[in-house]
Amino acid sequence: MKIAIASDHGGVQMKAELVELLEQLGYECEDYGTYNCDSVDYPDYAEIVANKVAGNEADRGILICGTGIGMSIAANKVNGIRCALVSDVYSAQATRLHNDTNVLALGARVIGIELAKMITQTWLETDFEGDRHVARLAKITQIEQKNCKGEA
Ligand code: RB5
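Within each chain, residues carry numbers counting from 1 in the order of the written sequence. Reporting in this predicted model follows two pLDDT cut-offs: at least 70 for local features of residues, and 80 or more for side-chain atom pairs to be given and counted; totals over whole chains, interfaces and linings ignore these cut-offs and use all residues. With hydrogens and water stripped out, all remaining heavy atoms of the structure feed into the side-chain values.

Describing the sheet that holds strand β1 (residues 2-7)
Step number 1: Pairing between two strands is assigned when DSSP locates at least 2 bridges connecting them. Here a strand is any run of E in DSSP of at least two residues, a helix any run of H or I of at least four, and the numbering for each starts at the N terminus. If you trace the five strands from one edge of the open sheet to the other, you get β2-β1-β3-β5-β4, paired in parallel fashion. Looking at the sheet topology across the chains shown, the edges are occupied by β2 (28-31) and β4 (83-85). Mean inter-strand twist for the sheet, computed between neighbouring axes without regard to direction, equals 20 degrees.
Step number 2: Bridge count between β1 and β2: four bridges; the pairing is parallel. If you follow isoleucine 5 over to β2, its bridge partner there is aspartate 31.
Step number 3: Packing against the sheet, helix α2 (residues 42-54) makes contact with β1, β3 (60-65) and β5 (103-107), and its axis sits at approximately 170 degrees to β3.
Step number 4: A contact between two residues is defined here by any heavy atoms of the two lying within 4.5 Å. Fitting a line to C-alpha atoms yields each axis, with helices limited to the stretch in contact; the angle taken between N-to-C directions then spans 0 to 180 degrees. The strands touched by helix α5 (residues 113-125) within the sheet are β1, β3 and β5, with β5 carrying the most contacts at an inclination of about 170 degrees.

Dropping the structure here:
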């Protein structure tokens, strides 16, 4: 499984530690920045990772900012992206089982690194349950298509 990962300045340290974890777990991991603590704009990084996943250049994406909120809002603007902001292990599992999320957002100023690692591993290792959730996801796709204004 290929993972695209990025953060803003608020998540750069957590990203470095998650990249290490992903490599230990045997995932192919592409780090799209940012690479230092200089202030940057989170939508720029969310867009890169979301496009990699939507374009099938990566299987999953992970985005980290201070709260994870801005990253999740921005990533969910890209068609085909189902991004969940997760702060607990139960939701990490449920959002894969039920929502088939393809991008995970984390808040580096909200949760600690050990919890972030548990969330990340759980999210990566849990398969979509399918079944009744397929029709629900199709409804989300319909909303996306109804509201599609075409290329800018
Ligand atoms: C940056 O200061 C902060 O706004 C950002 O990391 C994130 O929390 C936005 O949602």
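As for α5
Step number 1: In a helix, the anticipated span is given by 1.5 Å times the number of residues less one. For α5, built from 13 residues, the straight-helix expectation of 18 Å at 1.5 Å per residue is met to within 8% by its first-to-last C-alpha distance of 18 Å.
Step number 2: The buried label applies to any residue whose accessible area, calculated with a 1.4 Å probe on protein chains only, is under 20% of its type's maximum; exposed applies above 50%, and partly exposed to all values in between. For α5, the complete set of buried residues consists of Ala116, Ile119, Thr120, Trp123 and Leu124. Down the axis, α5 shows its buried residues gathered within 125 degrees of arc, on one side only.
Step number 3: Contacts from the buried residues of α5 go to β1, α1 (12-24), β3, α4 (89-97) and β5. Here, the arc refers to the directions that run from the helix axis to the C-beta atoms.

Here's the deal with the site of the ligand
Step number 1: Contacts to the ligand come from Asp8, His9, Tyr42, Cys65, Gly66, Thr67, Gly70 and Arg109.
Step number 2: We define a polar contact as two N or O atoms separated by no more than 3.5 Å, with the added condition that, inside protein, one atom must be a possible hydrogen donor and the other a possible acceptor, whereas residues neighbouring each other in sequence contribute only through side-chain atom pairs. One nitrogen or oxygen atom from the side chain of aspartate 8 is found 2.6 Å from an oxygen atom belonging to the ligand.
Step number 3: A distance of 2.8 Å is found between an oxygen atom of the ligand and a backbone nitrogen or oxygen belonging to glycine 70.
Step number 4: Each accessible area value is a Shrake-Rupley result obtained with a 1.4 Å probe; residue values ignore everything except the protein chains displayed when judging cover. Contact with the protein chains covers 71% of the free accessible surface of the ligand, which is 290 Å².
Step number 5: Amino acid classes used here: Ala, Val, Leu, Ile, Met, Phe, Trp, Tyr, Cys and Pro are nonpolar; Asp, Glu, Lys and Arg are charged; the rest, including Gly, are polar. Of the residues belonging to the shell around the ligand, the class tally is two nonpolar, four polar and two charged. Each residue is tested against the molecule or strand, and it is near if at least one of its non-hydrogen atoms lies within 4 Å.

Comments concerning unusual backbone geometry
Among all residues save glycine, negative phi is the norm, and among peptide bonds the norm is trans.
Step number 1: In this chain, glycine 33 is followed by threonine 34 through a cis amide linkage whose omega measures -5 degrees.
Step number 2: Positive phi outside glycine occurs at asparagine 56, with the angle close to 60 degrees.
Step number 3: The topology assignment puts asparagine 56 in the loop between α2 and β3.

Digging into the packing of aromatic side chains
Step number 1: Centres within 6.5 Å are what make two rings of Phe, Tyr or Trp a pair, Trp counting through its six-membered ring; a difference in plane orientation under 30 degrees is then read as stacked, over 60 as edge-to-face, and the rest as tilted. By the definition in use, this model includes zero aromatic pairs.
Step number 2: Two limits define a charge over a ring: the Lys NZ or Arg CZ must be within 6 Å of the ring centre, and within 35 degrees of the ring normal. Looking at arginine 60, its charged tip hangs above the ring of tryptophan 123, at a distance of 4.7 Å from the centre.

Remarks on the nonpolar core
Step number 1: Take the buried residues of types Ala, Val, Leu, Ile, Met, Phe, Trp, Tyr and Cys, join any two whose side-chain atoms come within 4.5 Å, and each joined set is a nonpolar core. Within the largest apolar cluster, 21 residues are counted, with the highest numbers of intra-cluster contacts made by Ile5, Leu22, Ile62 and Leu106.
Step number 2: Among the elements of the structure, β1, α1, β3, β5 and α5 are those that each provide at least two residues to this core.
Step number 3: Counting residues per element, this core draws most heavily on α1, at five residues.
Step number 4: Grouped together as the second largest cluster of nonpolar side chains are 18 residues, Tyr45, Val53, Met71 and Cys83 included.

Re the packing of α4 against α5
Step number 1: For the pair α4 and α5, the least separation of the axes is 8 Å and the interaxial angle reads 20 degrees. Compared by their axis directions, α4 and α5 come out roughly parallel. Both α4 and α5 take part in a crossing whose hand is right-handed. On α5, the residues touching Val89, Ala92, Gln93, Thr95 and Arg96 of α4 are Leu115, Met118, Ile119, Thr122 and Trp123.
Step number 2: Looking at the contact of α4 with α5 residue by residue, the class counts come to six nonpolar, three polar and one charged. Any angle between 65 and 115 degrees counts as roughly perpendicular, while under 35 counts as roughly parallel, over 145 as roughly antiparallel, and the rest as oblique. Less than a right angle of anticlockwise turn of the near helix away from the far helix marks a crossing as left-handed, whereas a clockwise turn marks it as right-handed.

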